[in-house]
Amino acid sequence: MKPILLSTLILTGLSANALDYTKSLCKNDDRTYSYEEHIGRIVENLEKNTGCTATLISENCAITAGHCVSILNFLEFNIPHPQADQEPPHAAENDVYTVDKSSIKSQDGGMGKDWAIFKVNPNKITGKFPG
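This section reports on the structure supplied with the text.

Basis of the calculations
Residues numbered from 1 in each chain as written. Predicted model: local features only at pLDDT ≥ 70, side-chain atom pairs only at ≥ 80, totals over all residues. Heavy atoms only, no water. Helix = DSSP H or I, 4+ residues; strand = E, 2+ residues; numbered from the N terminus. Buried < 20%, exposed > 50% of the residue type's maximum accessible area, 1.4 Å probe, protein only. Contact = heavy atoms within 4.5 Å. Areas by Shrake-Rupley, 256 points an atom, 1.4 Å probe, with all protein chains shown as cover. Core = buried A, V, L, I, M, F, W, Y, C linked by side-chain atoms within 4.5 Å. Pairing = 2+ DSSP bridges. Axes fitted to C-alpha atoms, helices over the stretch in contact; angles between N-to-C directions. Phe/Tyr/Trp six-rings, centres within 6.5 Å; stacked < 30°, edge-to-face > 60°. Polar contact = N/O pair within 3.5 Å; in protein donor to acceptor, adjacent residues only side chain to side chain.

**Brief notes about the overall build of the protein**
Scanning the protein from N- to C-terminus turns up one helix and six strands. In the protein, the succession of helices and strands from N to C terminus is α-β-β-β-β-β-β. For the protein, the proportion of its 131 residues judged to be buried stands at 24%. Within the protein, contacts between residues at least 6 apart in sequence are counted, and of these 56% link residues at least 24 apart. If you sum the accessible surface of the protein, you get close to 9,500 Å²; carbon and sulfur atoms cover 56% of it.

Right under this line is the structure:
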């Protein structure tokens, strides 16, 4: 009995680790708006309003996915809810922070290796950090 149970557990564990990278949560966009003050949006420039999500982990340090490093220029918080059929607008200037490019540490190498950590500079209007 014990060898069969052990074999079953091993095989179950192996199949659970075999992830299908062709599946995506983004096929049906069922996201909802949230107003978590420690969650922000990364944008490449202030003309585009699409990007990645970042989470503050300290006063001026945040984490995101490693594949987002190429657009890691600005971090926005308190993004207003868009009008019907419009893209989300940008945050007010006092909620926009530039990324300290020299602080970025990241990996973009697949499962378990898709992360980035970075610092943001103080807001140019308030002189304060987001945290």
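**Focus on the nonpolar core**
Ile42, Leu75 and Phe118 are the most contacted members of the largest nonpolar core, which totals 16 residues. Residue assignment for this core shows that the elements contributing at least two residues are strand 2 (51-56), strand 5 (96-108) and strand 6 (114-120). Once residues lying within four places of it in the same chain are set aside, the contact partners of Phe118 are Ile42, Ala54, Asn60, Cys61, Ala62, Ile63, Thr64, Leu72, Leu75, Val99, Ser103 and Ile104.

**A word on unusual backbone geometry**
Unlike most non-glycine residues, Asn78 shows phi in positive territory, near 55 degrees. Among the structural elements, Asn78 can be located in the loop between strand 4 (74-76) and strand 5. Since its relative accessible area comes to 52%, Asn78 is described here as exposed.

**Things to note about the environment of Ala92**
Tracing the sequence through the fold places Ala92 in the loop between strand 4 and strand 5. According to the relative accessible area criterion, Ala92 is partly exposed, its value standing at 39%.

**Focus: the pairing of strand 6**
Examined bridge by bridge, strand 3 (residues 61-64) and strand 6 share four bridges and lie antiparallel to one another. Looking across to strand 6, one finds that Thr64 is bridged to Ala116.

**Here's the deal with the sheet that holds strand 1 (residues 39-43)**
Taken together, the six strands give a closed barrel; going around it, the order is 1-2-3-6-5-4, and neighbouring strands pair in antiparallel fashion. Averaged over all adjacent pairs, the angle separating strand axes in this sheet is 40 degrees, with direction ignored. Of the strand pairs in this sheet, strand 1 and strand 2 are connected by five bridges, and their pairing is antiparallel. The partner of Val43 across the bridge, within strand 2, is Gly51.

**A word on the packing of aromatic side chains**
Scanning the model with the defined rule gives one aromatic pair in all. Between the aromatic rings of Phe77 and Tyr97, the centroid separation amounts to 6.0 Å while the plane-to-plane angle is 75 degrees, which identifies the pairing as edge-to-face. Of this pair, Phe77 sits in the loop between strand 4 and strand 5 while Tyr97 sits in strand 5, and the two are 20 residues apart along the sequence. Like Phe77, the residue Tyr97 is buried in the burial classification.

**Side note on the side chain of Thr64**
When you line up the elements, Thr64 lands in strand 3. At 2.7 Å, the side chain of Thr64 forms a polar contact with the backbone oxygen of Thr53. Residues in contact with Thr64, not counting those within four places in the same chain, are Ile42, Cys52, Thr53, Ala54, Asp114, Trp115, Ala116 and Phe118.

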